[in-house]
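Each chain, letter by letter, is given below.
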Amino acid sequence: MSKERISKFYDIQYLKSLLYSGLSNLYKDIGPEGQAEVEAEVEIESAIARDCIFKKGDKADKVYFLLIGSLQVYAEEDNNELRQITFISPGEFFGEVGLYRKDATRNASIYALRDSYFASISTDKIMSLAAKYPGIHYYLVRSLTEKVKNLSEGKKTPPSDRITAIIPFKRGGLTFDFLRKIEEFSRPIEDTIIFNSSTINSYPSIRDANPENFSMRMEALLLEMESNGKKIFLITDQEFKTWTKSCLRNCDKVILLHELNESNKVDNFEKEVMNYFRESHIRPKIELVLLNTDENKIQHTAKWKKSRGNIEHYHFNVKKQSDIFRAYRLFANQQIGIALSGGGFPGIVHAGAYKAFYEHGFIPDYIGGTSMGSFIGAGIAKAWNPDQIEKALQYAADKNPLKDFTFPSLSLLSGKKMSDVLQHLFNINIEDLPYPFFCISADLIKGQEIKINHGKTWKALLASSAIPGVFPPVCIGDYICVDGAVLNNLPADIIRQKGIKSIVGLDLESQLQKEIIFPKKHNNWRSFFEHKKLRKNQKKLDIFTVLIRSGLLGAERKIDDIKPLCNHFIQLKASPRHFMDSSHPEKLIEEGYNMAIKYLESHPELKLSFMIS
């Protein structure tokens, strides 16, 4: 875009006022004189969607500050492929890394995700001003330090998330009812605006536009609303023309809206949409929404995903108000995720915590679990209520899958009973679960954690809970899987990478602190006969405990890194019992329930977020 184009549709001074707002803390440090000198050197620039701002290796001759829009940072691999590193959102500096590199070149490439506006100042001028006003140098270094810290910790700046394009592929029917309910739900929410090709024309600047300048005028209107904090839903037409193209150029996320009972084939209109983005790595997030009227009849989701590049998907029951709320949160990028840790059968306390949340209106948008946490999480993802989850746990306890000893060539237990229990309860594909779900396992061959989010749910749960030495490994594809707790016992980091706004982490407190009896002169037979002499606060160190504790030690260290990623980190404590004791699950559920209620009472903001949801 040229500077003339910006001036025609946007007041330069208005954009500089956004700069003033974004740099208000810096201006306090350098005073009115410093502010005047900075603004005298600033230029306003812009880029259209998918434009390159600069590439790796380019001369670092400017520093930038994003005013409006969304940018993506990429590293270029040896094969010339682009690997996404992070996003840049309004109010962030970019390009400042070059100031402190010896060769004064760019170390990454930056592209516009959608039409964007930013301020720039030459490196020579900014360094000159920094010498005169040290606060500028401090401000830039702090920005750079924060970025390096976040990247080293695996934290990505979330993408700009104010504009979502919704593409309905059918007129009338469920699609019409769904969009009508979304509009009704959004109407009283002051910061949400919904546009279609008709309602956009209620604005004079758009109504008077001709085909040549329609896109630019629409862009200016959206940017003004975005700068005022509005969430914008753009509902496209069902043809690939001016309005639809403008929506796709100016959105942060694209929703492909289909009805599950229709054909899963990709029609010509959808092909045009997908081809529009296929030419470039620089594109908004594309997600699939499938509408239904009965979540118990969801099937063949994998076919829908396969024909669309296995993009993320969501199921919404048009008849359920809670699903309308979930859909709104998806479109408005206000989703809530829950991560549930492993920890053997004491992890049943998670079911009690969920029961407390459920009674306060909590329905999660994204669910991840490890080991026992994956069992509870899968029950939540299956849209079971707390009573149904408790019945499933009681069923598992009654079947007693731990009385399944075998010749210990691979493990102490054969795993057949556990497999039978899980097949009975979860004989459904993960893709067909009403709520998005994944679980974590660990690959014995490559020594890496595996995120399982497709295929048979029961087999994924079996892989996620295959405690090394206790249960045999589980083969999934090319992976030989064991309990995910070996590497990641609380997968909140995976949920954060998904871009979920708010995360509740349920972690089971380690039981290692209990007094453990281990005789200096160890004798297996003597230990066996002395077992019943132990006090209640003592824990016998048996083979199950050794195997399970060995598998958990590394993952428990990682918890310190995971904890800051959770908006609410809740450490649950189960009454002393053996890791493999599955008796009386109702007692553990009651304990988890009471702890979660206590947490909600001391954190009303979490309770409020459920109510708003």
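Our subject is the structure listed above.
Residues numbered from 1 in each chain as written. Predicted model: local features only at pLDDT ≥ 70, side-chain atom pairs only at ≥ 80, totals over all residues. Heavy atoms only, no water.

Engineer: Just to check I follow, could you spell out the overall build of the protein for this structure?
Structural biologist: The number of helices and strands found in the protein is 22 helices and 24 strands. Long-range contacts, defined here as pairs at least 24 residues apart, represent 78% of the contacts in the protein between residues at least 6 apart. Put simply, the protein shows about 28300 Å² of open surface, and 51% of that area lies on carbon and sulfur atoms. (Helix = DSSP H or I, 4+ residues; strand = E, 2+ residues; numbered from the N terminus. Contact = heavy atoms within 4.5 Å. Areas by Shrake-Rupley, 256 points an atom, 1.4 Å probe, with all protein chains shown as cover.)

Engineer: Would you explain the packing of aromatic side chains in this entry?
Structural biologist: The geometry of an aromatic ring pair comes down to the distance between the two centres and the angle between the two planes. Applying the stated criterion across every chain, the model contains 26 aromatic pairs. Considering the side-chain rings of tyrosine 64 and phenylalanine 118, the 5.6 Å spacing of their centres and the 85° angle between planes classify their relative orientation as edge-to-face. Of this pair, tyrosine 64 sits in strand S3 (residues 62–68) while phenylalanine 118 sits in strand S8 (residues 116–122), and the two are 54 residues apart along the sequence. There is no split in this pair, since tyrosine 64 and phenylalanine 118 are both buried. For the pair tyrosine 366 and phenylalanine 438, a centre-to-centre distance of 5.8 Å together with 40° between the ring planes defines the contact as tilted. You can see tyrosine 366 sitting in strand S16 (residues 366–370) and its partner phenylalanine 438 sitting in strand S17 (residues 437–443), a full 72 residues away along the chain. With respect to class, tyrosine 366 is no different from phenylalanine 438; both count as buried. By way of ring pairs, the aromatic residues Phe178, Phe185, Phe233, Tyr314, Phe316, Phe325, Tyr328 and Phe331 are connected into one cluster. A cation over an aromatic ring shows up here: lysine 451 above the ring of phenylalanine 438, its NZ or CZ 5.3 Å from the ring centre. (Phe/Tyr/Trp six-rings, centres within 6.5 Å; stacked < 30°, edge-to-face > 60°. Buried < 20%, exposed > 50% of the residue type's maximum accessible area, 1.4 Å probe, protein only. Lys NZ or Arg CZ within 6 Å of the ring centre and 35° of its normal.)

Engineer: Quick question: what am I supposed to make of empty space enclosed by the protein here?
Structural biologist: One way to see where empty space is left: roll a probe the size of a water molecule over the atoms. Taken as a whole, this structure holds 6 cavities of 30 Å³ or more when the rule is applied. Approximately 260 Å³ is the volume attributed to the largest cavity. Along the wall of the largest cavity there are 19 residues; nearest its centre are Phe345, Met372, Phe375, Met418 and Ser465. Breaking the lining of the largest cavity down by element, the ones donating at least two residues are helix H14 (372–381), helix H15 (386–399) and helix H16 (416–425). (1 Å grid on protein atoms, 1.4 Å probe; cavity = no way out; pocket = protein on both sides within 12 Å on 5 of 7 lines; lining within 4 Å. Points joined across faces, edges and corners; volume = space filled by probe spheres on them.)

Engineer: What exactly am I supposed to notice about the pattern of salt bridges here?
Structural biologist: For side chains bearing opposite charge, pairing can occur when the charged atoms are close. As enumerated under the stated definition, the model contains 21 salt bridges in all. We note a salt bridge from arginine 114 to aspartate 252, for which the minimum N-O separation is 2.3 Å. Of this pair, arginine 114 sits in the loop between strand S7 (109–112) and S8 while aspartate 252 sits in the loop between helix H9 (242–249) and strand S12 (253–259), and the two are 138 residues apart along the sequence. Overall, aspartate 252 belongs to the buried group, its relative accessible area being 6%. Note that aspartate 365 and arginine 329 form a salt bridge whose closest N and O atoms lie 2.7 Å from each other. Linking aspartate 365 in the loop between helix H13 (349–359) and S16 with arginine 329 in helix H12 (residues 321–331), this pair joins segments that are 36 residues apart in sequence. The network of salt bridges with common partners includes Glu33, Glu37 and Lys132. (Salt bridge = Lys/Arg side-chain N within 4 Å of Asp/Glu carboxyl O.)

Engineer: What is the right way to look at the environment of phenylalanine 178 in this model?
Structural biologist: Here phenylalanine 178 shows up in helix H6 (residues 173–186). Placed 146 residues apart in sequence, phenylalanine 178 and isoleucine 324 show a C-alpha to C-alpha distance of 7.7 Å. Not counting the four nearest positions on each side in its chain, phenylalanine 178 is found in contact with Leu257, Leu291, Phe316, Val318, Ile324, Ala327 and Phe331.

Engineer: Any chance you could explain the pairing of strand S18 (residues 448–452) here in plain terms?
Structural biologist: On a regular strand, each side chain points to the face opposite its neighbour's, so the side chains alternate between the two faces of the sheet. Sheet analysis places S17 next to S18, joined by 5 bridges and oriented antiparallel. Of the residues in S18, the one forming a bridge with serine 441 is isoleucine 450. Connecting the antiparallel pair S17 and S18 is a turn made up of 4 residues, with glycine 447 showing a positive phi of about 65°. (Pairing = 2+ DSSP bridges.)

Engineer: So what exactly am I meant to see when it comes to the sheet that holds strand S5 (residues 82–88) here?
Structural biologist: Two pairing modes exist for strands in a sheet, parallel and antiparallel, and in both the strands are linked by backbone hydrogen bonds. Spatial strand order, S2-S7-S4-S5: 4 strands in an open sheet with antiparallel pairing. Edge strands, defined here as strands with exactly one partner in the open sheet, are strand S2 (52–54) and S5. Going from strand to strand, the sheet's axes swing by 35° on average, the running direction of each strand aside. Relative to S5, strand S4 (residues 71–76) is paired through 6 bridges, and the arrangement is antiparallel. Of the residues in S5, the one forming a bridge with glutamine 72 is phenylalanine 87. (Axes fitted to C-alpha atoms, helices over the stretch in contact; angles between N-to-C directions.)

Engineer: Looking at this structure, I do not really get the side chain of aspartate 432. What am I missing?
Structural biologist: Within the secondary structure, aspartate 432 is located in the loop between H16 and S17. At 2.6 Å, the side chain of aspartate 432 forms a polar contact with the side chain of threonine 301. Filtering out sequence-adjacent residues up to four positions away, aspartate 432 remains in contact with Ile298, Gln299, His300, Thr301 and His315. (Polar contact = N/O pair within 3.5 Å; in protein donor to acceptor, adjacent residues only side chain to side chain.)

Engineer: Whenever I open this one, the nonpolar core confuses me. Can you help?
Structural biologist: With 66 residues, the main nonpolar core has Phe357, Phe375, Ile376, Phe426, Phe437, Phe471 and Leu506 as its most contacted residues. Beyond its immediate stretch of four places on either side in the chain, isoleucine 376 contacts Leu340, Gly347, His350, Ala351, Ile389 and Leu393. Ala165, Phe169, Phe277 and Leu288 belong to the second-largest nonpolar core, a separate cluster that totals 35 residues. (Core = buried A, V, L, I, M, F, W, Y, C linked by side-chain atoms within 4.5 Å.)

Engineer: Just checking my understanding: could you explain the packing of H13 against H15 for this structure?
Structural biologist: To characterise two packed helices, one gives the angle between the axes of the helices and the distance between these axes. Interhelical geometry of H13 versus H15 gives an angle of 165° and a closest axis separation of 9 Å. One element, H13, and the other, H15, form an angle in the roughly antiparallel class. By crossing handedness, the relation of H13 to H15 is classed as left-handed. In contact with Ala351, Tyr354, Lys355 and Tyr358 of H13, H15 contributes Pro386, Ile389 and Leu393. Considering only residue class, the contact of H13 with H15 consists of 6 nonpolar, no polar and 1 charged. (Parallel < 35°, antiparallel > 145°, perpendicular 65-115°, else oblique. Left-handed = near helix turned anticlockwise from the far one by under 90°. Nonpolar A, V, L, I, M, F, W, Y, C, P; charged D, E, K, R; others polar.)

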